[in-house]
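# Structural features, examined
So you can see what is in the structure, the chains are spelled out below.
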Amino acid sequence: MQRVLSEIENARVRNGVLVSGRRTLTSERLRTLVAHTLLDNGCFAHDIIISCGKDSANPHFAGAGALKADEPIVLDFAPQLLKERYFSDMTRTVVKVEGGVPLKVKEMFEAVLEAQRGALERIRAGVPCKEVHDAVCDFFEELGYGTLRKNAKTGFIHSTGHGVGIALHEPPTLGDNEYVLKKGNVVTVEPGLYEPEVGGVRLEDVVVVRQDGCENLTKFEKRLEL
């Protein structure tokens, strides 16, 4: 993630498009960088998402083409250790600033960051997954965003998180289910907002459920502006 952010931060802006060296900085170019970096560190790269602008409003789209200034760039990486076979998962959203971050993107980022904080505060052994997910939905709905709970097509349109271990997606799911979190469960916490005319914002950490809270294993910073 740091290598990718450095590439974006150090890129020049030409006609609104990011340029590194003599070449346009594209989603495909950065995915190759991620794949090589992970292999160099004993990992295989699964599901590398580097999606910019309106494309990022689709949470599962890998991204394509040139990256642009003043638009959200969603970076979602799911490496798997080649030897031990365990997965991790992390997402950050950034904007390479030239003219400025659109107000709507800034509002979305602040909402997602606060929603994640709220979810992290609720996670502990003995808490149902539904309680964590509903708290995130409640928060977004209070701000006027749609949610999957309301069958919305925009806004918060996926679960709050999923288990991660020897599979990238495994139980428990932080969603609309009655599973009670147990000490030692490892889950992602990844609220997001998606607006087709603006783009998407998602932040994702991996946490371990403890008896009296959770331990966040993802120490990487959450900074919108580059």
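Residues numbered from 1 in each chain as written. Predicted model: local features only at pLDDT ≥ 70, side-chain atom pairs only at ≥ 80, totals over all residues. Heavy atoms only, no water.

Strand order in this open sheet of 3 strands is 4-5-6, and the pairing throughout is antiparallel. In this open sheet, the two edge strands, each paired with only one partner strand, are strand 4 (43–52) and strand 6 (90–94). Averaged over all adjacent pairs, the angle separating strand axes in this sheet is 15°, with direction ignored. Bridging between strand 4 and strand 5 (residues 73–81) involves 8 bridges; their strand directions are antiparallel. Considered in strand 5, the bridge of Cys52 is made with Ile73. (Pairing = 2+ DSSP bridges. Helix = DSSP H or I, 4+ residues; strand = E, 2+ residues; numbered from the N terminus. Axes fitted to C-alpha atoms, helices over the stretch in contact; angles between N-to-C directions.)

Attention now moves to the packing of aromatic side chains. According to the stated counting rule, one finds 3 aromatic pairs in the structure shown. Note on Phe139 and Phe140: the rings are 5.9 Å apart at their centroids and 55° apart in plane angle, and the pair reads as tilted. Here the aromatic rings of Phe140 and Tyr145 are separated by 6.2 Å at their centres, their planes lie at 85°, and the arrangement is edge-to-face. We note that Phe140, like Tyr145, is buried. (Phe/Tyr/Trp six-rings, centres within 6.5 Å; stacked < 30°, edge-to-face > 60°. Buried < 20%, exposed > 50% of the residue type's maximum accessible area, 1.4 Å probe, protein only.)

Turning our eyes to something else, we now look at the pattern of salt bridges. Across all of its chains, the model carries 15 salt bridges by this definition. Between Asp134 and Arg149 there is a salt bridge, and its shortest N-O distance comes to 3.2 Å. Taken together, the positions of Asp134 in helix 4 (residues 129–142) and Arg149 in the loop between helix 4 and strand 7 (161–163) put the pair 15 residues apart, joining distant regions of the chain. Salt bridges sharing common partners tie together Lys130, Asp134, Asp138, Glu141, Arg149 and Asp176. (Salt bridge = Lys/Arg side-chain N within 4 Å of Asp/Glu carboxyl O.)

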